[in-house]
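Residues per chain, in single letters:
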Amino acid sequence: MIVINSKTQNPKAQHSLPFEQYPAFLMDVLDGLGKSQKEIPCKYFYDERGSTLFTAICQTTEYYITRTELQLLNKLLPDISSRLGAQATVIEYGSGEGRKIRELLTALQSPRAYVPIDISAEILFDASRRLKKEFPNLSIYPLMADYTAQITLPEEISGSGRRLVFFPGSTISNFTPAEAGQFLRNIRQFLDPGDGFLIGVDLLKSPNRLHQAYNDYDGVTAEFNLNLLRRINRELDGNFKLHQFEHYAFFNPRYSRIEMHLVSLIDQVVKVGGYQFSFRTGETIHTENSYKYSVDRVIHIGRDSGFRHEQVWIDEEKLFSVHFLTAV
Ligand SMILES: C[S@@+](CC[C@H](N)C(=O)[O-])C[C@H]1O[C@@H](n2cnc3c(N)ncnc32)[C@H](O)[C@@H]1O
């Protein structure tokens, strides 16, 4: 349901479309800012600048996820390659800059096709172009899409060879555990028995370690979070003053998740797309959840979603896990 605080008389706000036909980004932002706990879905972080900032987060000392997952992939990929055999088709959700897929494609025996799926057009097509140069014999079908909606895979990938779904980076953590289960069930529907699913999942650990990872010293994560307001200003005719908001990320033990928020530093009124929203000092916009899992919980979600849990790899510090599941 959409609840709006109030509407201004700004002529720019006189949208010619009925409310239900507003673009999804505008609808979701108006809807989210109208809630008592203001919120905006995290998929909107990833405009071009947001994607570049995410790549920079992956290089911070505090963000252990990327380097730990890459180390695990180096260890486990020969095994995945022999399980899948030659001519596999890889479908990657939230492919981003394509750093990890390079390792996977190099390890596989003459992979047949690759379908990167991402909501962020620039990073998706740039990464696909770069990969095509490195793997000239591979057919690449970039799909710019929101994977929380129904996805239609390209017809060209039907045919022989195993399918492998790759979902690295613990992007699954942005879903609630119930949504994660539904997401896996949706994926299971287009796989045949024996097809694979390789997924990276961040593990529950010391809250201080988690806190550091989402509050890096150089403020890259803060910039990434605040960039959402910059995007709203540019694309939705917003007037957020970024210095009047602050990045805030903390571990919420009740839900076993890191929450990211943008905190209003003063009482203020902000306009978006001609609608106005009031903020009290300290009031927040909830911008992202990142659920932290135990290995057992991942195993259960996989089993409940039509997969056999084949193997899990964990680093020595028990920071991160990579799971290989097969469709039953
Ligand atoms: C946390 S980043 C992970 C990037 C990369 N897979 C990695 O492991 O470092 C999430 C990626 O998923 C994409 N993404 C987020 N929400 C999405 C959605 N609803 N549909 C499609 N792509 C999405 C983002 O653009 C981004 O590239």
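Since the structure is predicted, the reported quantities are computational estimates derived from the model, not experimental observations.

Analysis parameters
Residues numbered from 1 in each chain as written. Predicted model: local features only at pLDDT ≥ 70, side-chain atom pairs only at ≥ 80, totals over all residues. Heavy atoms only, no water. Axes fitted to C-alpha atoms, helices over the stretch in contact; angles between N-to-C directions. Helix = DSSP H or I, 4+ residues; strand = E, 2+ residues; numbered from the N terminus. Parallel < 35°, antiparallel > 145°, perpendicular 65-115°, else oblique. Left-handed = near helix turned anticlockwise from the far one by under 90°. Contact = heavy atoms within 4.5 Å. Nonpolar A, V, L, I, M, F, W, Y, C, P; charged D, E, K, R; others polar. Near = heavy atom within 4 Å. Polar contact = N/O pair within 3.5 Å; in protein donor to acceptor, adjacent residues only side chain to side chain. Domains from an automatic or database assignment. Buried < 20%, exposed > 50% of the residue type's maximum accessible area, 1.4 Å probe, protein only. Pairing = 2+ DSSP bridges. Right-handed = clockwise from strand over helix to strand, strands pointing away. pLDDT = per-residue confidence, 0-100. Salt bridge = Lys/Arg side-chain N within 4 Å of Asp/Glu carboxyl O. Buried area = accessible area lost by both parts, 1.4 Å probe.

**Student:** Honestly, the packing of helix H4 (residues 99-107) against helix H5 (residues 121-134) in this entry has me stumped. Any pointers?
**Tutor:** Geometry of a packed helix pair, given as the angle between the helix axes and the separation of the axes. It is the contact of H4 with H5, at a shortest axis distance of 11 Å, that shows an interaxial angle of 25 degrees. Of the possible angle classes, the one that applies to H4 and H5 is roughly parallel. In this structure, H4 meets H5 at a crossing whose hand is right-handed. Along its contact with H4, which presents Ile101, Arg102 and Leu105, the element H5 presents Arg130, Leu131 and Glu134. For the contact of H4 with H5, the per-class residue count stands at three nonpolar, no polar and three charged.

**Student:** It is not clear to me how the site of the ligand should be interpreted in this structure. Could you clarify?
**Tutor:** Neighbouring residues of the ligand: 16 residues in total, closest Gly94, Lys100, Asp118, Asp146 and Tyr147. Interatomic distance of 3.1 Å between a backbone N/O atom of isoleucine 119 and a nitrogen atom of the ligand. Contact between the ligand and tyrosine 147: a nitrogen atom at 2.9 Å from a main-chain N or O atom of the residue. When the residues that make up the shell around the ligand are grouped by side-chain class, the tally is six nonpolar, six polar and four charged. When we break the shell around the ligand down by domain, the ones giving at least three residues each are domain 1 (6-14 + 33-59 + 216-289) and domain 2 (64-205 + 292-327).

**Student:** Hey, could you run me through the pairing of strand E7 (residues 163-167) in this one?
**Tutor:** On a regular strand, each side chain points to the face opposite its neighbour's, so the side chains alternate between the two faces of the sheet. Burial analysis of E7 places five of its five residues in the buried class, which makes it a mostly covered element. Of the two faces of E7, both are covered, the one formed by Arg163, Val165 and Phe167 as well as the one formed by Leu164 and Phe166. Bridge count between strand E3 (residues 89-93) and E7: four bridges; the pairing is parallel. From the neighbouring strand, valine 90 faces E7, where its bridge partner is leucine 164. Two elements, E7 and strand E8 (residues 196-202), share four bridges in a ladder whose sense is parallel. Looking across to E8, one finds that phenylalanine 167 is bridged to isoleucine 199. In this region the chain leaves E7, passes through helix H6 (residues 177-189) and returns to the parallel neighbour E8; the handedness of that crossover is right-handed.

**Student:** Is there a simple way to think about the sheet that holds strand E9 (residues 245-252) in this case?
**Tutor:** Strands pair in a sheet through their backbones, by hydrogen bonds, and they do so in one of two ways: parallel or antiparallel. Spatially, E2-E13-E10-E9 is the arrangement adopted by the four strands of the open sheet, whose pairing is mixed. The open sheet has two edge strands, strand E2 (38-39) and E9, and neither has a second partner. Of the pairings in the sheet, the one linking strand E10 (residues 257-264) to strand E13 (residues 284-291) comprises seven bridges and is antiparallel in character. Within the sheet, the bridge partner assigned to histidine 261 lies in E13 and is histidine 286. Lying on the sheet, helix H8 (residues 220-235) is in contact with E9, E10 and E13; it crosses E10 at an angle near 60 degrees.

**Student:** How do you make sense of the confidence of the model for the protein when you look at a structure like this?
**Tutor:** Low pLDDT means the predicted atomic positions in that stretch should not be read closely. On average, residues of the protein carry a pLDDT of 94, and 95% of them reach 70 or more. For residues 1-14, every residue scores under 50 in pLDDT, and the model assigns this stretch 31 contacts once sequence neighbours within four places are set aside.

**Student:** Looking at this structure, how should I read unusual backbone geometry?
**Tutor:** Backbone phi values are negative for most residues with the exception of glycine, while trans is the configuration of most peptide bonds. In this structure, serine 256 is a non-glycine residue whose phi angle is positive, near 55 degrees. On the secondary structure map, serine 256 appears in the loop between E9 and E10. Residue lysine 318 is not a glycine yet carries a positive backbone phi of 60 degrees.

**Student:** What is the right way to look at helix H1 (residues 24-33) in this model?
**Tutor:** Every α-helix carries 3.6 residues per turn, so stepping three or four residues along brings you back to the same face. With respect to burial, H1 is a largely interior element, eight of its 10 residues being buried. When H1 is considered as a whole, its buried residues turn out to be Phe25, Leu26, Met27, Val29, Leu30, Asp31, Gly32 and Leu33. Those residues of H1 that are buried lie in contact with E2, H8, strand E11 (268-272), strand E12 (275-279) and E13.

**Student:** Even after reading the chapter, I still don't get the pattern of salt bridges, so can you show me in this structure?
**Tutor:** Tallied over the full model, the rule gives 21 salt bridges. With its nearest N and O atoms 3.0 Å apart, the salt bridge here joins arginine 231 to glutamate 235. With arginine 231 and glutamate 235 both in helix H8 and four residues apart, this pair spans about one turn of that helix. Here the salt bridges do not stand alone but share partners, grouping Asp47, Arg231, Arg234 and Glu235 into one network.

**Student:** Is there a simple way to think about the domain arrangement of the protein in this case?
**Tutor:** One widely used convention gives an interface's size as the accessible area the parts lose upon coming together. When its domains are assigned, the protein resolves into domain 1 (6-14 + 33-59 + 216-289) and domain 2 (64-205 + 292-327). Taking only C-alpha atoms into account, the centre of domain 1 sits 29 Å from that of domain 2. Listed per partner, the contact involves 14 residues of domain 1 and 12 residues of domain 2. Interface of domain 1 and domain 2: buried area, both sides summed, is about 1,100 Å²; carbon and sulfur atoms make up 50% of it. Run the count over domain 1 and domain 2 and you get one salt bridge. Between aspartate 146 and lysine 43 there is a salt bridge whose closest N-O contact spans 2.7 Å. For the side of domain 1 that touches domain 2, the secondary structure elements donating two or more residues are helix H2 (48-58), E10 and E13. Split by residue class, the side of domain 1 that touches domain 2 holds five nonpolar, four polar and five charged.

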